[in-house]
Structure formats: C-alpha cells, structure tokens
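What follows is each chain in one-letter form.
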Amino acid sequence: MFGLRAPELIIILVVVLIIFGPKNLPKLGKSLGSTVKNIREGMEGDDKGETKQAEDVVVEESKEDKEIDRILRVLSGECAAARETILYNYDVLVQLDAIFARAQLSYAMNAGRPLVRKRGGIDLKKARHPLLDQARAVPVTVELGGRFDTLVITGPNTGGKTVTLKTIGLLSLMAQCGLHIPAGDQSAVQVFDRILADVGDEQSIEQSLSTFSAHMANTVEILKQADDRSLILFDELGAGTDPVEGAALAIAIIQHVRALGARAAATTHYAELKTFAMTTPGVENASCEFNVETLSPTYRLLIGIPGKSNAFAISRRLGLPDEVITNAQSQMSKDSVRFEDVLTQLEA
C-alpha cells in the first residue's frame, strides 16, 4: 500500500490506535478506504489524460514527418529540374576555389610566373625549394637542357646537392600544374611527359633490399619509362657498392639516358663522374660550395665547376690527428691527387 514496508505500516497502525482509539477504528478504515479509492480513480484519470496527450503528440509528430517528406520531395524535384545548372555552378566554384588557392600559395612563397615552353630546357634563376622557409632558403641558379642535357652535381654531404635536385623536379611539376614557382624573373621551365626521380635511401629489411639494391630497382623502372620527353633525377647514382663498379655503372646509366634523349641531373661523390662530365660534350659539372673554415655549406650552386668532398679538410678541422690524415693522403693514387689539385685551382 502506497509503497510502504511492513515495519512502517505497523508503526502507522499503532499511532492511529493511540489517537483514535479502538472503537473508532472501523469508521477510520472505511474513511481511509474511500480516500484510497478516490486517489486511485484520480491517478487512473491522470494516466488516461497523459496517454491521450502522448497519443496527440505522436499524431502531431507523424503529421510533421509527412510534411517534411513532402517538402523534401518538392525540393528534390526542383533540384532535378535544375541539375545541369547546379553542376555547372559547382564546377565553376571549384575552379574559382583552385584559382584563389593558387594565388594565396603564390603570395605566401613570393612566387612568380615562369616561361613555360615545349623545348629549350630548364632555366631557373634564384630558385628556392618550395617547402623550405622562403626567408632563409639560399636561392640557386641552375639550368638544364639548353647548353647541355645532363648535369652532374658534386660536393660534400649536407651541402645542398639533393635539395638542388628536388628543387629542379618540384618547380617543374609546379609549373606544369599551373602554379607560380618560387624563382626569379625570366625563369623558364620545359614541359615534360614524365618526371622520374630516384631520391633518398629506400633500403628495406623487410624486402631484403640494401641501399644499392633499392636504388638500382628504382633505376631499372626509370629506364623502362624514360624517353626524349622525360626529366630524370638521380640522387647518389651508383652509390652503396664498390666505388669502381658503382662509378662505371653510373657512367653507363647516364650514357643510356642521354641516348634516349632525356634530360638528366645526378648527384655523386665519384671522381670518375666528375672526369666524365669534364670530358664529355653535353654533360656539365656543378658543385655545391662549402666553407672549409667554418665547416658549413654555403648552399650556393656553381655551374661548370666540379666539387670536392673536402673529407681531409673536414676531418682535420674536427680534430683527426695529422699523421692519420697524412697517411690517408699517401694512399691516394697520383691521378686522384692531381685531379684534386685541379679542382682546388678551379675553385681558387
């Protein structure tokens, strides 16, 4: 009764007996029964009212859902009738959005519009890698495909060889995508059907690939696709194996690419490739300048001058004993020593 437990009912009965006495208990019970009945009827009436109200709400929600469905059907029909116009406007908005995005990128990079041509090669003046801080990046001036079809870039590690290679490739792709490029006025790019690159160390334990094997696998795929409408970029061509064999392979690959009519740029440390570039028409040397006094690269690209690795100078500055360096120099062949002397004279 009313959710009361047995102890609570006993206490209530005792209190009632004390207040009203045993004689008045039957009358009180009748009165309580009448009250409980009235309460029940009131509660049932309330339940019926709430049920009716809930039913009305369900009916109204159903009407609302039907009206929403009707409106959506009408709107869908009107959209279907204007389908061609909507699709045309969508395409226009996408194109405008792409144009404004390219403009914002150009402004952020302080970029400019290059001359785009089918022939004549690449001529980038004060070009900057698009992903570097444009305020700090050292611009490079580089050409390829005009006076020469192959560029061999040499110099010390972290000197900027790979950055130069990536700058050539990325700026060529950006121009072909209709983007301005971060380069100086009168820069020009050639349109290529393919830009093929082997950049970075792709060695893989999972695939049992060494550095040399990974590079060579990429090179094989590049040679399959290359033609006279291709730009090819090789990073550390022939590296990761015996230097003599690696240099021989690198020279043979460059000769094959040139025979196909492709434009190519390659980075290397091999003296044999420097000599090949110096003695082969259509192949040019370039080097990334390095300040031996401060042991830091200047990131300037020098066209026409092969670079030195500066291994001895760097080692001496870092504290390697002189007797070790002298011993190392004595291990070099006379031809290598003469070649390094020639490079020193060219840089002077």
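Residues numbered from 1 in each chain as written. Predicted model: local features only at pLDDT ≥ 70, side-chain atom pairs only at ≥ 80, totals over all residues. Heavy atoms only, no water.

### Here's the deal with empty space enclosed by the protein
In plain terms, the rule: Two kinds of site are reported from a 1 Å grid over the protein atoms alone, namely cavities, where a 1.4 Å probe fits but cannot get out, and pockets, open sets with protein on both sides within 12 Å along at least five of seven lines, and residues are called lining when an atom falls within 4 Å of a point. Grid points are joined across faces, edges and corners, and a volume is the space filled by probe spheres set on the points. Labels follow the DSSP assignment, with helices taken as runs of H or I lasting at least four residues and strands as runs of E lasting at least two, numbered in each case from the N terminus. Ten residue types, Ala, Val, Leu, Ile, Met, Phe, Trp, Tyr, Cys and Pro, are classed as nonpolar, four, Asp, Glu, Lys and Arg, as charged, and the remainder, Gly among them, as polar.
Under the defined criterion, the tally for this structure stands at one cavity of 30 Å³ or more. The volume enclosed by the largest cavity comes to roughly 50 Å³. If you tally residues by element for the lining of the largest cavity, the top one is helix α5 (residues 211-225), at four residues. Considered class by class, the residues forming the lining of the largest cavity number four nonpolar, three polar and three charged.

### Overview of the pattern of salt bridges
What counts here: Any Lys or Arg side-chain nitrogen located within 4 Å of an Asp or Glu carboxyl oxygen qualifies as a salt bridge. In this scheme, a residue with accessible area under 20% of its type's maximum is buried, one over 50% is exposed, and one in between is partly exposed, where area comes from a 1.4 Å probe on protein chains only.
A full pass over the atoms with the stated rule returns nine salt bridges. A salt bridge links D227 to R194; its shortest N-O distance comes to 2.9 Å. Highlighted residues: D227 in the loop between α5 and β7 (230-234) and R194 in strand β6 (residues 194-198), separated in sequence by 33 residues. Taking relative accessible area as the criterion, R194 reaches 33% and is therefore assigned partly exposed. Notably, a salt bridge pairs R300 with E289, separated by 2.7 Å at the nearest N-O pair. Here E289 lies in strand β9 (residues 283-291) and R300 lies in strand β10 (residues 296-303), a separation of 11 residues in the sequence. Relative accessible area serves as the criterion here: at 41%, R300 is assigned to the partly exposed category. For E289, a relative accessible area of 26% gives the class partly exposed.

### Comments concerning a negative patch on the surface
Counted only if it meets this: Patch definition: residues with relative accessible area over 30% and no salt bridge; like charges joined within 9 Å; nonpolar side chains (Val, Leu, Ile, Met, Phe, Trp, Tyr) joined within 5 Å. The method behind every accessible area is Shrake-Rupley, applied with a 1.4 Å probe, and residues are considered shielded solely by the protein chains displayed. We count Lys and Arg on the positive side and Asp and Glu on the negative side, and we leave His and both chain ends out. A charged residue contributes its charge at one atom only: NZ of Lys, CZ of Arg, CG of Asp or CD of Glu.
On the surface, a cluster of negative charge is made up of E60, E61, E64, D65 and D69. Along the polypeptide, E64 turns up in helix α2 (residues 25-81). Judged by its relative accessible area of 49%, E64 falls in the partly exposed class.

### Remarks on the nonpolar core
As a reminder of what qualifies: In these notes, a set of buried Ala, Val, Leu, Ile, Met, Phe, Trp, Tyr and Cys residues joined through side-chain atoms within 4.5 Å is what counts as a nonpolar core. The contact criterion used throughout is that any non-hydrogen atoms of two residues lie within 4.5 Å.
In this structure, L124, L151 and I181 are the most contacted members of the largest nonpolar core, which totals 27 residues. Mapped by element, the contributors of at least two residues to this core are β2 (122-127), β3 (140-144), β4 (150-154), α4 (161-176), β7 and β9. With five residues, α4 is the single largest residue contributor to this core. Setting aside chain neighbours within four positions, we find I181 in contact with A111, G112, P114, L124, L171, M174, A175 and V189. Residues L196, A226, L237 and I251 belong to the second largest nonpolar core, which totals 21 residues.

### Here's the deal with the sheet that holds β10
Pairing between the strands of a sheet is mediated by backbone hydrogen bonds and can be parallel or antiparallel. How we decide: Only strands joined by at least two bridges in the DSSP assignment are considered to pair. As a rule, the C-alpha atoms of each element are fitted with a line to give its axis, helices using only the stretch in contact, and angles between N-to-C directions run from 0 to 180 degrees.
The strand order across the open sheet built from six strands is β6-β7-β8-β4-β9-β10, with neighbouring strands paired in mixed fashion. Since the sheet does not close on itself, it has two edges, and those belong to β6 and β10, each with one partner. Adjacent strand axes in the sheet meet at a mean angle of 15°, parallel and antiparallel pairs treated alike. Direction of pairing for β9 relative to β10: antiparallel, over a ladder of five bridges. Pairing of F290 across the sheet is with P297, part of β10. Contacting β4 and β9, helix α7 (residues 271-279) runs over the sheet at an angle of about 130° to β9.

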